[in-house]
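What the coordinates show
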Amino acid sequence: MKGLTLAILIILSVAIVGGVIYSYYHTAGTTSTNTGTTSATAKQIRIVSLAPSDTQVLISLGLGKDIVGLDPYSYQLLKDLNMTSYLPSNITIIQTYPEIDIEEIVKLEPTVVVLEWGLYASYIPKMQSLGLNLLITNSDYAYDITQIEDNIMQIASYFNLTSEGEELIEWMQSHLHEYVGEVRIAYLDWICPNGDFYTAGGNVFINDIIVTAGGINVFGNLANYPLLSPSNLLVSNASVLIVQEMYNYTYTMNLIKQYYSNVPAVQEDNVYVLSGLAVDLIDEPSVLSVYAVNLFHDIATGKAPHYIDSSWVLENLNVSLPVF
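All values reported here derive from a predicted model rather than from experimental measurement.

With that settled, consider the overall build of the protein chain. A count of helices and strands for the protein chain gives 16 helices and 12 strands. Within the protein chain, the proportion of its 324 residues that are buried is 55%.

Set out below in structure tokens:
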């Protein structure tokens with residue numbers, strides 16, 4: 001999500017390892033509640049969605065008007081896409097940071113709360129104890145497009161919208177391009193004040209984007225989101241450096257020049273800073289992820305500007321969220 005903090009990045013690394021726990025909640029938490037919900041008519045559905053990756057799917061399945069509560073990051077994403085009209089005018093924004101406002105969710109009397117296990121697993125027992133019906137997904141921890149498609153069908157099946165889910169997957173496949181190349185790319189999720197940084201290993205979604213875009217992840221031999229030092233970046237021999245914006249462009253570039261000036265990508269002026277919607281395409285494995293591949297290909301081939309914000313993404317990648 002936007003404003004990804006260091007603490008959340010650490011959670012990312014830990015959460016991936018906990019797949020067994022997710023499997024338990026995914027089975028125990030959703031199978032028992034599906035029976036009473038799948039026969040509901042569209043007018044009876046009241047959805048609370050707590051993650052942009054799930055919200056993208058819900059909107060694309062035509063369930064936007066059934067969403068009564070939404071996390072701030074999902075709302076901002078739809079605002080960037082000029083798609084808030086697909087939501088009810090009286091939509092309630094649910095606070096999710098630093099804590100989820102569970103009381104506000106209960107007040108909305110949702111028929112189902114769609115939430116990410118990887119982000120909100122610790123809240124699940126309390127939500128269940130309060131009688132909230134949960135659809136637990138794991139989209140944020142998909143490591144390739146196939147897993148995104150599986151998550152889409154999980155949500156579509158829950159709402160008896162399998163045909164729409166299949167159409168959505170077909171749309172994604174028609175917009176997905178695979179490129180061949182050997183550009184050595186280093187992706188920096190977060191830069192610490194001392195120059196250490198978090199990057200993407202070979203078993204996470206960002207790696208799949210890099211490879212599909214025709215690049216080589218220089219840290220693909222590592223796992224999850226490791227914390228590395230400037231010396232690791234130097235010996236990686238990365239020819240392209242992609243960095244999530246740290247607060248603002250000036251501060252980000254100052255960090256890069258201070259700690260990574262000897263890296264080939266920096267010396268050759270092949271540094272690309274992502275902000276806004278550009279970050280959303282990468283941080284939220286979901287429907288819009290097909291555009292992330294094209295974005296990385298444009299970067300790898302030198303067709304993108306060095307600062308990539310929401311405006312550039314909308315104008316040059318023609319980003320849109322389909323609705324079926």
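Still more ground to cover, so stick around.
On to the sheet that holds strand β2 (residues 67-70), then. If you walk across this open sheet you meet the 5 strands as β3-β2-β1-β4-β5, and the pairing is parallel. What marks the edges here is a single partner per strand, and that holds for β3 (92-93) and β5 (134-137). Relative to β3, β2 runs parallel, the two sharing 2 bridges. When the bridges of β3 are listed, Gly 69 appears paired with Thr 92. Together, β1 (47-49), β2, β4 (112-116) and β5 form the strand contacts of helix α3 (residues 52-60), whose direction differs from that of β4 by roughly 130 degrees. Lying over the sheet, helix α8 (residues 145-158) contacts β4 and β5, oriented at roughly 165 degrees with respect to β5.

Another point: the packing of helix α10 (residues 205-212) against helix α15 (residues 289-300). Two elements in contact, α10 and α15, have axes separated by 8 Å at closest approach and are oriented at 50 degrees. On the basis of the axis angle, α10 is oblique to α15. The two elements α10 and α15 meet at a crossing, and its hand is right-handed. On the side of α10, the interface is formed by Phe 205, Ile 209, Ile 210 and Thr 212, while α15 contributes Ser 289, Ala 292, Val 293 and Phe 296. Grouping the constituent residues of the contact of α10 with α15 by class yields 6 nonpolar, 2 polar and no charged.

Turning to helix α12 (residues 249-259), its buried residues number three or more, namely Thr 252, Met 253, Leu 255 and Ile 256. Taken down its axis, α12 places every buried residue within 155 degrees of arc, on the same side. With respect to the buried face of α12, the exposed residues turned more than 90 degrees away are Thr 250, Lys 257 and Gln 258. Among the structural elements, β6 (183-191), β10 (240-244), α13 (264-267) and β11 (271-274) are those in contact with the buried residues of α12. By the N-cap criterion, in which a side-chain oxygen at the helix start approaches the backbone nitrogen of a residue two or three places on, α12 is capped by Asn 248, the distance to Thr 250 being 3.2 Å.

Turning to the environment of Ile 308, a few remarks are in order. Topologically, Ile 308 is positioned in strand β12 (residues 307-308). Expressed as a C-alpha distance, the spacing of Ile 308 and Gly 276, which sit 32 residues apart in the sequence, is 8.4 Å.

Here we come to helix α9 (residues 162-175). Compared with an ideal rise of 1.5 Å per residue, which puts 14 residues at 20 Å, α9 spans 20 Å between its outermost C-alpha atoms and is within 8% of the ideal. Buried within α9 are the following residues: Gly 165, Leu 168, Ile 169, Trp 171 and Met 172. Along the long axis of α9, the arc covered by the buried residues comes to 155 degrees, so they all point the same way. Those residues of α9 hidden inside the fold are in contact with α3, α8 and α15.

This next bit is on the packing of aromatic side chains. By the definition in use, this model includes 10 aromatic pairs. On the basis of an interplanar angle of 65 degrees and a centroid distance of 6.2 Å, the ring pair of Tyr 120 and Tyr 123 is categorised as edge-to-face. When its relative accessible area of 6% is taken as the criterion, Tyr 120 is described as buried. In this structure an aromatic cluster arises from ring pairing among Phe 197, Phe 219, Tyr 259 and Tyr 260.

With that out of the way, let us pick up the nonpolar core. By size, the foremost hydrophobic cluster in this structure holds 67 residues, and its most contacted members are Phe 159, Leu 274, Leu 295 and Phe 296. Considering every element that reaches this core, the biggest residue donor is α15, with 8 residues. Apart from residues no more than four positions distant in its own chain, Leu 274 is found in contact with Tyr 187, Ile 242, Val 243, Gln 244, Glu 245, Val 279, Ile 282, Phe 296, Ile 299 and Ile 308. One finds Cys 192, Phe 197, Val 263 and Val 271 within the second-largest nonpolar core, a separate group that totals 24 residues.

The rules behind these values
Counting of residues starts from 1 at the beginning of each chain's written sequence and follows it residue by residue. Local features are withheld for residues below a pLDDT of 70 in this predicted model, meaning they are given only at 70 or higher, and side-chain atom pairs are given and counted only at 80 or more; totals for whole chains, interfaces and linings count all residues. Water and hydrogen atoms were dropped before computing side-chain values, which therefore reflect all heavy atoms in the structure. Think of it this way: any DSSP run of H or I at least four residues long counts as a helix, any run of E at least two long counts as a strand, and we number them from the N terminus. Throughout this description, buried means an accessible area under 20% of the type-specific maximum (1.4 Å probe, protein chains only), exposed means over 50%, and partly exposed covers the range between. Any two strands between which DSSP finds at least two bridges are classified as paired. Only heavy atoms matter for contacts: two residues are in contact if any of them lie within 4.5 Å across the pair. All axes here are fitted lines through C-alpha atoms, helices being fitted over the stretch that makes contact, and every angle between N-to-C directions spans 0 to 180 degrees. Note on angle classes: values under 35 degrees are labelled roughly parallel, values over 145 roughly antiparallel, values of 65 to 115 roughly perpendicular, and the remainder oblique. For any helix crossing, the convention is left-handed if the near helix is rotated counterclockwise from the far helix by under a right angle, and right-handed if that rotation is clockwise. The nonpolar class holds Ala, Val, Leu, Ile, Met, Phe, Trp, Tyr, Cys and Pro. Asp, Glu, Lys and Arg form the charged class, and all remaining residues, Gly among them, are polar. The arc refers to the directions leading from the helix axis to the C-beta atoms. Side-chain atoms alone can form a polar contact between residues adjacent in sequence; in general such a contact is a pair of N or O atoms within 3.5 Å, and within protein one must be able to donate a hydrogen while the other accepts it. To estimate the expected span of a helix, subtract one from its residue number and multiply by 1.5 Å. When two rings of Phe, Tyr or Trp (its six-membered ring) have centres within 6.5 Å they constitute a pair, described as stacked for plane angles under 30 degrees, edge-to-face for angles over 60, and tilted for the intermediate range. The nonpolar core is taken to be a set of buried Ala, Val, Leu, Ile, Met, Phe, Trp, Tyr and Cys residues, with the residues joined through side-chain atoms within 4.5 Å.

Function-wise, these values are silent; they only describe arrangement.
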